[in-house]
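# Tertiary structure, described
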Amino acid sequence: MNFFVMSQNRRFYEYPPHRHDFWEVLLNIEGRGTAVVDGREYEFCPGTIFCIRPGSVHSKKSDEGFVDGSVLVGDFCFDSQEEDVLVFQDDERQSFYLLFKLAFEYPLNPATDTYGERFLRSILDAMQNLLCHWKDDIGKNKEVLYVQNVLAAHVSDMRFNLAELIEGTSYSPNHFRKLFKEQCGCSPLQYYNKLKIQLAKQKLLQNKSIMTVEEIARDCGFEDPYYFSRLFKKNTGLSPMQYYNHSKEAMPKDLEKR
């Protein structure tokens, strides 16, 4: 398990500068104040969410005090982004807070309960998908968003025709690919493959005990398991089995609990 959910049960007025080797998704539950990430100040209030890159020094301060909770995760959805921190605000339904609360209050120990770990990971996936949705909606071309949604909906479809999807937009294929890359940081094919690899990571961590790598490859839309393994290593630096073993061993042991 390469994630860790924790929460504060007491109010802080200042938390000193510190860093983690993992991504930290920090949810402010109560209080208003200022957070500093790598020397840059950000205001926070109830519902503010900070997604902080590994190694980034961060601290918080509030005259009235604050209560927060966080998720430390090794494999995060914004790994390809360049920002040291991404800042979001929870919606009026408190969607992110409710997911966090459900994960934090889960009664079973995921270290000894296989289904407990899968349940918690499914909540983490929902939290990440919500953040991705909020980020993708900011200033994006509607047709780029549409293509992203279609790719996500067909991530495990072996017969999906990406070229046909692009040709169906109101732009020429070359112009659309340029527009997509400007907004997403990669080509449509690279984006599609990243979605597939992200799904493969989840399936490896959830189902490796009951599925082979070949079965996981097929579930992620790959007919050729060898191509899947090559693409997986190209995107992660590890083979599927190396990733699985590393993730199982990488549960934060030296993280300083806040």
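To start, this report covers the structure provided alongside it. The shown structure was predicted, so the numbers you read here are calculated from the model rather than taken from an experiment.

### Side note on unusual backbone geometry
Even without glycine at this site, Asp38 takes up a positive phi of about 50 degrees. We note that Gln94 has phi near 55 degrees; this positive angle belongs to a residue other than glycine. By the secondary structure assignment, Gln94 is in the loop between strand 8 (85–89) and helix 1 (95–104).

### Some remarks on helix 3 (residues 142–153)
Look at helix 3: 16 Å from first C-alpha to last across 12 residues, which is about the 16 Å you get at 1.5 Å a residue. By the burial criterion, the buried members of helix 3 are Val144, Leu145, Val147, Gln148, Val150 and Leu151. Its side-chain oxygen placed 2.7 Å from the backbone nitrogen of Glu143, Asn141 serves as the N-cap of helix 3.

### Overview of the packing of aromatic side chains
One pass over the full model with this rule turns up 14 aromatic pairs. Taken together, a centroid distance of 6.4 Å and an interplanar angle of 40 degrees make the contact between Phe88 and Trp134 tilted. Placement of Phe88 in strand 8 and of Trp134 in helix 2 (residues 114–136) is noted, with a sequence separation of 46 residues between them. Pair check on accessibility: Phe88 and Trp134 agree, each one buried. Chaining the aromatic ring pairs together yields one cluster made of Phe222, Tyr227, Phe228, Phe232 and Tyr243. Looking at Lys60, its charged tip hangs above the ring of Phe44, at a distance of 4.3 Å from the centre. Stacked on the ring of Phe222, the Lys or Arg Lys196 has its end atom at 5.3 Å from the ring centre.

Rules used throughout
Residues numbered from 1 in each chain as written. Predicted model: local features only at pLDDT ≥ 70, side-chain atom pairs only at ≥ 80, totals over all residues. Heavy atoms only, no water. Helix = DSSP H or I, 4+ residues; strand = E, 2+ residues; numbered from the N terminus. Expected span 1.5 Å × (residues − 1). Buried < 20%, exposed > 50% of the residue type's maximum accessible area, 1.4 Å probe, protein only. Polar contact = N/O pair within 3.5 Å; in protein donor to acceptor, adjacent residues only side chain to side chain. Phe/Tyr/Trp six-rings, centres within 6.5 Å; stacked < 30°, edge-to-face > 60°. Lys NZ or Arg CZ within 6 Å of the ring centre and 35° of its normal.

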